[in-house]
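Architecture at a glance
As a plain string of letters, each chain reads:
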Amino acid sequence: MSDYNAPLKDMQFVLNELAGLAQVSALPGYAEATPDVIEAILEESGKFTRDVLAPLNFSGDQEGAQWADKSVTMPKGFKEAYAQFVENGWNALSGNPEFGGQGLPKVISAVVQEMWQSANMSFSLCPMLTMGGIEALELYGSEEQKATYLHHMVSGRWTGTMNLTESQAGSDLAAVRTRAVPQGDGTYKLFGQKIFITYGDHDMAENTIHLVLARTPDAPAGVKGISLFVVPKFLVNADGTLGARNDVYSVSIEHKLGIHASPTCVMAYGDNGGAVGTLVGKENDGLKYMFVMMNAARYAVGLEGLALGERAYQQALGFARERVQSRAIEGSTGSVPIIRHPDIRRMLLLMRSQNEAMRAVAYVVASALDSALRHPDADERIRQQAFVDLMIPVVKAWLTETGNEVTSLGVQIHGGMGFIEETGAAQHFRDARITTIYEGTTGIQALDLIGRKVARDGGGALNTLLGQMKETQASVAKQSGVSFKALAAALHESIEAVTTAGDYIVANYGKDVRNVAVGAVPFLRLLGIVSGGWMMARAALAAQAKIGAGDTDPFYPAKINTAHFYADHVMAAASGLAKEVVQGGASALALDDVLF
Amino acid sequence: MKILVPVKRVIDYNIKVRVKADNTGVDLANVKMAMNPFDEIAIEEALRLKEAGVASEVVAISCGVTACQETLRTAMALGADRGILVETDVELQPLAVAKLLKAIAFNESPQLIILGKQAIDDDANQTGQMLAALMGWPQATFASKVVVDAAAGSVTVTREVDGGSETLVLTLPAIVTTDLRLNEPRYATLPNIMKAKKKPLDVFKPEALGVDVTPRLTTLKVTDPAPRSAGVKVANVAELIHKLKNEAKVIA
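Thresholds, definitions, all that
- Residues numbered from 1 in each chain as written.
- Chains lettered and ligands numbered in written order.
- Predicted model: local features only at pLDDT ≥ 70, side-chain atom pairs only at ≥ 80, totals over all residues.
- Helix = DSSP H or I, 4+ residues; strand = E, 2+ residues; numbered from the N terminus.
- Buried ≥ 20, exposed ≤ 12 C-beta atoms within 10 Å, placed from the backbone.
- Contact = placed C-beta atoms within 7 Å.
- Nonpolar A, V, L, I, M, F, W, Y, C, P; charged D, E, K, R; others polar.
- Axes fitted to C-alpha atoms, helices over the stretch in contact; angles between N-to-C directions.
- Parallel < 35°, antiparallel > 145°, perpendicular 65-115°, else oblique.
- Left-handed = near helix turned anticlockwise from the far one by under 90°.
- Pairing = 2+ DSSP bridges.

1. What to know about the overall build of chain B
A tally of helices and strands in chain B yields 6 helices and 11 strands. Principal-axis analysis of the C-alpha atoms places the extent of chain B at approximately 65 × 45 × 40 Å. With 252 residues in all, chain B has 39% of them scored as buried. Intrachain contacts of chain B at a sequence separation of at least 6 include 68% that bridge at least 24 residues.

2. Focus: the interface of chain A and chain B
Interfaces are often sized by the accessible area lost when the parts come together. Taken together, the contact pairs 15 residues of chain A with 12 residues of chain B. The class makeup of the residues in the side of chain A that touches chain B is 7 nonpolar, 4 polar and 4 charged.

3. What about the packing of helix H11 (residues 378–413) of chain A against helix H14 (residues 460–478) of chain A?
All names here are of chain A. Here H11 crosses H14 at 100°, and the two axes come no closer than 9 Å. Classed by the angle they form, the pair H11 and H14 counts as roughly perpendicular. Taken together, the residues of H14 that come into contact with H11 (itself represented by Ala386, Phe387, Asp389 and Leu390) are Ala461, Leu462 and Leu465. Class assignment for the residues of the contact of H11 with H14 results in 6 nonpolar, no polar and 1 charged.

4. As for the packing of helix H6 (residues 106–119) of chain A against helix H9 (residues 286–322) of chain A
Residues and elements named next belong to chain A. Two elements in contact, H6 and H9, have axes whose closest approach is 8 Å; the angle formed by their N-to-C orientations is 55°. When the axes of H6 and H9 are compared, the pair comes out oblique. Handedness of the crossing formed by H6 with H9: right-handed. Residues Ala110, Gln113, Glu114, Gln117 and Ser118 of H6 touch H9, and the partners they reach there are Ala300, Leu303, Glu304, Leu306, Ala307, Glu310 and Arg311. The residue inventory of the contact of H6 with H9, partitioned by class, reads 5 nonpolar, 3 polar and 4 charged.

5. A short note on the environment of glycine 89 of chain A
Structurally, the position occupied by glycine 89 of chain A is in the loop between helix H5 (78–87) and H6. In this structure the C-alpha to C-alpha distance between glycine 89 of chain A and alanine 517 of chain A, which are 428 residues apart in sequence, comes to 45 Å. Ignoring any residue separated from it by four or fewer positions in sequence, one finds glycine 89 of chain A in contact with Thr189, Leu190 and Pro191 of chain B.

6. Brief notes about the sheet that holds strand S6 (residues 112–116) of chain B
Residue and element names in this part refer to chain B. As summarised here, the arrangement of the 9 strands in space is S9-S8-S7-S10-S6-S1-S4-S5-S11, forming an open sheet in which the pairing is mixed. With partners counted over all chains shown, the strands left at the sheet margins are strand S9 (164–171) and strand S11 (201–204), one partner each. Taken over all neighbouring pairs, the strand axes of this sheet differ in orientation by 30° on average, direction set aside. Pairing between strand S4 (residues 57–64) and strand S5 (residues 82–87): 6 bridges, direction parallel. Across the sheet, the residue bridging to isoleucine 61 is isoleucine 84, located in S5. Its contacts with the sheet put helix H1 (residues 37–51) on strand S1 (2–6), S4, S6, strand S7 (139–149) and strand S10 (174–178), and the angle it makes with S6 is roughly 150°.

7. Quick word on unusual backbone geometry
Residue and element names in this part refer to chain B. In this chain, leucine 172 is followed by proline 173 through a cis amide linkage whose omega measures -5°. Within the secondary structure, proline 173 is located in the loop between S9 and S10. The backbone of asparagine 30 sits at a positive phi, close to 55°, despite the residue not being glycine. As for its placement among the helices and strands, asparagine 30 is situated in the loop between strand S2 (9–11) and strand S3 (33–35). Even without glycine at this site, lysine 249 takes up a positive phi of about 55°. In this structure lysine 249 comes out as exposed when scored by C-beta crowding, with 9 C-beta atoms within 10 Å.

Structure, rendered in structure tokens:
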């Protein structure tokens, strides 16, 4: 068990110094997001997550969500915490003011969401899924659907779910079989079974609004014949009150490696005559809508990698300060706290430096998303969107893969006690394991990166990014001191590595796609590590500027040291990964299937 | 009925306090500051009285540096209607604060002033009492329950005292200081945090209020408490009693 304290200082630093909060506040519609208001929001969110959500993380994991009689009971305390969460307005943070939301920027939403996820990842999945539902209805719903659902979903009184997966349709949604039969009155009846439905049923809200992919009777086969429907748990009367129970039930929940408090449901539609739903948008356009929403969902899952890494770090750091074991390697009069041992320090800094790099990349991408949506200059919007599109698979996959590494280090620092559930370190590791899988596996993200994001535009967006990295490298090279020397050298090598690997992908994707695909995940990892290094370099420059201006806060020298460590220990992998991309295809493909 | 609630900006209760190297005080550089927890309880009580229809307005007051505005914004995010800052860089001692509050109260004419019983930085536990004396108002300190009877113009306060609890009836206007168990402060809601910025915040200087805030007490030296020395094991009860009598001198 461990406490969670939001790393407000680093969050503020990244927001202000790297993610350009001042520029975001200047965008149309974000005038209220001034730095002092944001500071107050983050403070209070820090308190709420520390005092209300974090204490339920361990007990929620131990107890787990319970299923009986086609309904789910949440672990002790969740219902009350959710009520307080809604009452205090947190669910509505990024919602459209037209539907009662506060309309705050994505980048602020990202910071607050990181806190929810760090404090209690299982809990955080409920509002995350609701946000997905809100986005779908806001973008593609009819006026009637918006009027019926959005106010309650924005406030959080009603929650949302996404029903995509079926047992034969996982990564390949073309195989969806759930049927939707028009009733002639504008409604449809749905029949079929969906699996892996997060918060498909629970007892924290009055109503649950399911968004469901299904096929109409005349739909063409494959991806072009899938439509999106909205199916409420309780039908909504014309006056807005809740009506009859709809024919959609949770028929079981999964027993999982992690996120035990988050109910993962099997949902049965239409076992008793048909679940009543209405079409969202146009028939057969369902997958198109899903793709538009995917950026937000993938981003949010990426953030989970960072959030769990942060929680694991806080816990490991606490243990490393308290646990006394063995004398110092150079000799000491007695045993020392293990934080004194070189390898423990190395692991703590691997955790910390990667967390800080992930946070910077994540917030900078969220800030770009705000500009892509709101910037007054159309060309700037296009540039920002290109950066976002390139980086979304990196945020999803690099952050979650790194989150797995960081939470694993958290267990390692605890030694034997890390393997014991009572300590709580193992939970973060188990909870992190799903993040590289759901919402598109790492492999899927990497294919998206090399195909749609790099090869298709001939490396255009990638080269723009590399250009920005080179500018930062030049500024770093002008600084003095060992830390900046190491950063400049590492950044120089890393930029070369990305350039080599990127050129290889662009040149060979068309003619030898199988070879290139072997290097997809290594390339994604490479781009993640180097983007993180670029951010750590920018952070070091910003810290140096503060020091130069006479600021004596020890946060700044620590930031420079952490960036230096990242250059030495994390960016060192870049050139190896580039080799893996360029040379690794043949040996992976040569072996005949039968010889495996 | 109007309620005034003074709120003090203090070092956050989660922070480990460090003494400055030159022993002149506590190191506040780069340290997180927050509202004094007893004052949060005072704000909460005032808000509950407003929500119950007893009070019509809750005004938060802070005395000190410009950054105290943040503390006032916090109070307004919790629900206070407006804020007043008495701005000064001078080190404020309880008597000076009590005089400033008296001047504000003269302008505002509240029926009730609710203060934290003490601030967690200097633990003086004086401001409320001094203010009551300066105003000539009745006071009930260390409150664990507050019931206002507006019609009768009185407030009934249960106080935590050494032997248990004591109940007093005060004629309004009055001074109440809060103890820990009076209530559990709420969290600020997101809409209220956003609204807080738009609430009025007036700034005065001590001179404008006609108050001399020059310190009357001089701090000679601030040091860490002496580190606790290791304990000793005693062989038997007789030895323990001997030591308690002759070394610790805590029993006769």
